[in-house]
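Each chain, letter by letter, is given below.
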Amino acid sequence: MSNTNLLNETHDPALASWVESANLENCDFPIQNLPFASFKRKGSEEDFRAGVAIGDQVLDLKALFALNVYDGDVQMALAKCCHTQLNAFMSMGKHFWSALRHALSNGLSKGAELQAEFASCLIAQADVEYALPCQIGDYTDFYTSIHHATSVGSKFRPDNPLLPNYKWVPIGYHGRSSSIEISGSNFKRPKGQTKAPTATEPSFGPCKRLDYELEVGVFIGNGNDLGNPISIDNAEDHVFGICLFNDWSARDIQGWEYQPLGPFLSKSFASTISPWIVTSEALAPYRVQWTRDEADPQPLPYLESKHNRALGSLDLNLQVLIETEAMRNSSQPAVQLSQSNFKDSYWTVAQMVAHHTVNGCNLRPGDMFGSGTQSGPNPEEAGSMLELSNAGSEPIALPNGETRTFLEDGDCVIMKGWCKKAGAARIGFGEASATVLAAD
Ligand code: MN
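Below: a short report on this structure. (Residues numbered from 1 in each chain as written. Predicted model: local features only at pLDDT ≥ 70, side-chain atom pairs only at ≥ 80, totals over all residues. Heavy atoms only, no water.)

A look at the overall build of the protein
Inclusion rule: Helix and strand definitions here come from DSSP, where helices need a minimum of 4 consecutive H or I residues and strands a minimum of 2 consecutive E residues; each element is numbered from the N-terminal end. Here the globule rule reads 2.2 Å times residues to the power 0.38, and the radius of gyration is calculated from C-alpha atoms. A simple rule labels every residue: compare its accessible area, found with a 1.4 Å probe on the protein chains alone, to the largest value its type can have, and call it buried under 20%, exposed over 50%, or partly exposed in between. Between two residues, a contact is recorded if the distance between any of their heavy atoms is within 4.5 Å. To be clear on the numbers: accessible area is Shrake-Rupley with a 1.4 Å probe, and residue cover counts the displayed protein chains and nothing else. In this count, Lys and Arg are taken as positive residues and Asp and Glu as negative ones, while His and the chain termini are left out. Each charge is placed at NZ for Lys, CZ for Arg, CG for Asp and CD for Glu.
Tallying secondary structure elements over the protein gives 12 helices and 26 strands in all. For 440 residues, the compact-globule estimate of 2.2 N^0.38 gives 22 Å, and the C-alpha radius of gyration of the protein, at 22 Å, lies within 12% of that figure. Expressed as lengths along the three principal axes of its C-alpha atoms, the size of the protein is roughly 70 × 55 × 40 Å. Residues classed as buried in the protein amount to 57% of the 440 residues present. Long-range pairs, those at least 24 residues apart, make up 73% of the contacts in the protein with a sequence separation of at least 6. For the protein, the exposed area adds up to about 18,300 Å²; of that, 51% sits on carbon and sulfur atoms. In the protein, which carries 33 positive and 51 negative side-chain charges, the distance between the mean positions of the two groups comes to 3 Å.

This is the structure in structure tokens:
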């Protein structure tokens, strides 16, 4: 299968919208994107409901449903979009997701017959607030960047950086969904037990090595029954879409607690996602080949497929920026800390889904996977401060003269993502940002 088999008229780069802001260069939300969020008017008593981004506007899908301009599959899909969260729509599967995408693409295109009806359903993004797009029942964090795994492993275990299972198993741990919040939700620096390498006993207090992790969040659409694994060939049909994900991490708490069962309180105090889910269908043009180094173990059969080799990876640019309190007070713009690309991941989304369910584990609509920190092959592509500051030993210089080894109170971390290639429209993910507040 090639990309072209996955493409349809909704991906046509020549398509333009009558919503003029959607046609501006470098707009994250052109008509080829159409990501989903849960929103309401800022400060209003309205219920949250599903919306789709177009330019600087949100298309209110509950309002569109109420207009009754559709019947059949599109109206059935819109009915599910009236709920406060997207789980019911996500559970419908790709036939319905695609039917709605085609209808929305059509209604938002220049010259659309339904322009007046659609226009009555638009609300400026500046006037809305967002909620989590769905109820995230279970959250699993993977560890799919071999560059991150090797570099972090060398800091925690200098003599044994990459454990022997890494190249065989898409490593992950079951995380905690209750502390995942939407972009803009600031949080207090966590407290906990830490132990300096030279100390004989741990001490208790605010985390001193607070870090971010640049990740991608993967949302499961229709799930599987307990006992019925999802094969790698069907895996992508179960993926509703992708968002940006910051898996904040308390490195000093992590270093003391992580053996033998993995991260616990070092991760569960806060995680931040971007409000918009970019759908699997919107991402079709940016799928790329996945390769495994000849010298490395090749995947076991349940993690191997022709389609995964041909198109399993995603050419998705990821960026992390910082805005310190001092920068904010002097109106300086946020500065980039690093950039990487999800295509450098050692394992693909399809392999994560196939592996997660191979023992019969059931996934449910709205479950989320973290990809693990996406660090690229070069040191400047590191997706965490632990790597950029070499475990705190090499301070990162900021343009205003400040330095950072780990995050300080008042620091705002901003993550962005976009897909871009010749012959396709550029689509963006918006942003995931939050500010670290002082511990109590
Ligand atoms: Mn993580």
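A short note on the packing of aromatic side chains
Note the following rule: Any two rings among Phe, Tyr and Trp, with Trp reduced to its six-membered ring, count as a pair given centres within 6.5 Å; such a pair is stacked if its planes are under 30 degrees apart, edge-to-face if over 60, and tilted if neither.
Under the criterion given, the structure shown has 13 aromatic pairs. Ring geometry for Phe187 and Phe269: centres 5.9 Å apart, planes at 45 degrees, overall tilted. Taken as a pair, Phe187 in strand β9 (residues 187–188) and Phe269 in the loop between α8 (251–257) and β16 (271–273) lie far apart in primary sequence, 82 residues in all. A relative accessible area of 7% places Phe187 in the buried class. Grouped by ring-pair contacts, the aromatic residues Phe36, Phe89, Trp97 and Phe240 constitute a single cluster.

As for the environment of Glu402
For the record, the criterion: Residues adjacent in sequence count toward polar contacts only when both atoms are side-chain atoms; beyond that, a polar contact is any pair of N or O atoms within 3.5 Å, and within protein one must be able to donate a hydrogen and the other to accept it.
Of note, Glu402 is situated in the loop between β23 (396–397) and β24 (403–404). Taking the C-alpha atoms as reference points, Glu402 and Pro206, 196 residues apart in sequence, are found 22 Å from one another. Excluding residues within four positions of it along the chain, Glu402 makes contact with Thr324, Ala326, Met327, Ile396 and Ala397. At 2.8 Å, the side chain of Glu402 forms a polar contact with the side chain of Asn400.

Overview of the packing of helix α3 (residues 72–80) against helix α5 (residues 94–108)
Put simply, the rule reads: Simply put, an axis is a line fit to the C-alpha atoms, just over the touching stretch for a helix, and the angle between two N-to-C directions goes from 0 to 180 degrees. Just so you know how the angles are binned, under 35 degrees is roughly parallel, over 145 roughly antiparallel, 65 to 115 roughly perpendicular, and the rest oblique. Residues are grouped as follows: Ala, Val, Leu, Ile, Met, Phe, Trp, Tyr, Cys and Pro are nonpolar; Asp, Glu, Lys and Arg are charged; all remaining types, including Gly, are polar.
With their axes 9 Å apart at the nearest point, α3 and α5 run at an angle of 100 degrees to one another. In terms of orientation, α3 and α5 fall into the roughly perpendicular class. Contacts from Asp73, Val74, Met76, Ala77 and Leu78 in α3 reach His95, Phe96, Ala99, Leu100 and Ala103 in α5. Here the residues of the contact of α3 with α5 sort into 8 nonpolar, 1 polar and 1 charged.

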